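Remarks on the overall topology
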Amino acid sequence: MIIIGLHGGGARFLLLEVVPPMKRMIAKVAGVSAAALTMALVPLAGTSYAAGCSGAGCDNRGPVSMGCDADAVTKGSATSRTHSGLRVELRWSPSCQAAWARVTATGEQWYERYGHIEKWSGYGTGFQRSLQVTFPNPGSDWTNMLGSPSAYYRACISAPAATNEVDCTPFW
C-alpha cells in the first residue's frame, strides 16, 4: 500500500493498492527462478560429465579422481603364471584418452608384487614411461594413468623378490 500526500488546499491523501499485483509479480519471478535452479541442479537422464583431463594431461593422475573410470573399458588382462590369485587388467578411458592398470589379488601375498602400466610409442618399441602399484593383500587397486590417443599400452604383473617373472597383457 502506498500513501501519497497532496499539498495545497488541505491535506489530502491518495491510497493506492499495489500489493496484489506486486505479489503476482514476485510469485512469477520466484516460480521462474525455482524452475531455472532445478534445471541447473538436476541433470537430464543420460547426461555425461566431462572428464577432468585428456591425453598426456592425464599422466600420473588418478582415474577415479579425474572421472576417467566412468566410461572405462578393459582392453586386456593377464594372470600370474607362478602366483595364483594375481590378475592385472589394462583399462582405457575413451573420453580421457588414457590408460591404467587395475590389479586384483584374491589371496594373501607373501612377496611384494606389482602391477604396472607401460606406455610405448610403437608396438613393443619406443618405451616411454611406466607407473606401478603394489598389489593389495588381498583386494583391488590401480595405477595412475598414462595418456595419449596414439600410444601403445600394456599392463603387467611383476614379482621381483620372488621370481623376477613378468606377465603382461598384449599390447593395445
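Our subject in this report is the structure included herewith.

Procedures and definitions
Residues numbered from 1 in each chain as written. Predicted model: local features only at pLDDT ≥ 70, side-chain atom pairs only at ≥ 80, totals over all residues. Heavy atoms only, no water. Helix = DSSP H or I, 4+ residues; strand = E, 2+ residues; numbered from the N terminus. Buried < 20%, exposed > 50% of the residue type's maximum accessible area, 1.4 Å probe, protein only. Contact = heavy atoms within 4.5 Å. Areas by Shrake-Rupley, 256 points an atom, 1.4 Å probe, with all protein chains shown as cover. Phe/Tyr/Trp six-rings, centres within 6.5 Å; stacked < 30°, edge-to-face > 60°. Pairing = 2+ DSSP bridges. Axes fitted to C-alpha atoms, helices over the stretch in contact; angles between N-to-C directions. 1 Å grid on protein atoms, 1.4 Å probe; cavity = no way out; pocket = protein on both sides within 12 Å on 5 of 7 lines; lining within 4 Å. Points joined across faces, edges and corners; volume = space filled by probe spheres on them. Nonpolar A, V, L, I, M, F, W, Y, C, P; charged D, E, K, R; others polar.

On a plain count of helices and strands, the chain comes out with one helix and eleven strands. Listed N to C, the secondary structure of the chain is β-β-α-β-β-β-β-β-β-β-β-β in terms of helices and strands. Here the chain holds 172 residues, and 32% of them are scored as buried. Counted over contacts in the chain with a minimum sequence separation of 6, partners at least 24 positions apart contribute 53%. For the chain, the accessible area works out to roughly 10400 Å², and carbon and sulfur atoms hold 59% of it.

Before going further, it helps to examine the side chain of threonine 169. The topology assignment puts threonine 169 in the segment after strand S11 (166-168). Sequence-distant contacts of threonine 169, defined by excluding residues within four places in its chain, comprise Gly76, Ser77, Ala78, Val88, Leu90, Arg154 and Ala155.

Pairs of aromatic rings are described using the distance from one ring centre to the other and the angle between the two planes. By the definition in use, this model includes six aromatic pairs. Between tryptophan 92 and tryptophan 172, the ring centres sit 4.9 Å apart and the planes meet at 55 degrees, which makes this aromatic pair tilted. Residue tryptophan 92 is located in strand S4 (residues 86-93), and its partner tryptophan 172 is located in the segment after S11; the two are separated by 80 residues in the primary sequence. Accessibility expressed as a relative area gives 34% for tryptophan 172, which makes it partly exposed. Following the ring pairs from residue to residue traces out a cluster consisting of Trp120, Tyr123, Phe127, Tyr152 and Phe171.

It is worth spelling out the sheet that holds strand S10 (residues 152-158) at this point. With respect to topology, four strands assemble into an open sheet ordered S7-S6-S10-S11, the strand pairing being antiparallel. With one partner strand each, in any of the chains shown, strand S7 (127-134) and S11 form the two edges of the open sheet. Neighbour to neighbour, the strand axes of the sheet diverge by 25 degrees on average, direction disregarded. Here three bridges tie S10 to S11, and the two strands are oriented antiparallel to one another. Counted as the bridge partner of isoleucine 157 is aspartate 167 from S11.

Take the pairing of strand S3 (residues 73-79) next. Note: S3 against S4, six bridges, orientation antiparallel. Its bridge partner lying in S4, alanine 78 is registered against valine 88. What sits between the antiparallel neighbours S3 and S4 is a turn of six residues, in which glycine 85 has the positive phi angle 85 degrees.

Throughout the structure, instances matching the rule amount to one cavity of 30 Å³ or more. Of the voids in this model, the largest cavity is the one considered here, and its volume is about 40 Å³. Contributing to the lining of the largest cavity are eleven residues, with Ser80, Thr82, His83, Ala159 and Glu165 lying nearest its centre. In the lining of the largest cavity, the residues fall into three nonpolar, five polar and three charged.

If you trace the backbone, leucine 146 turns up in strand S9 (residues 146-147). When its relative accessible area of 0% is taken as the criterion, leucine 146 is described as buried. Once the C-alpha coordinates of leucine 146 and alanine 56 are considered, the two residues, 90 residues apart in sequence, prove to be 6.7 Å apart. Contact partners of leucine 146, with chain neighbours within four places excluded, come to Asp59, Ala98, Ala99, Ile117, Glu118, Lys119, Arg129, Ser130, Leu131 and Tyr153.

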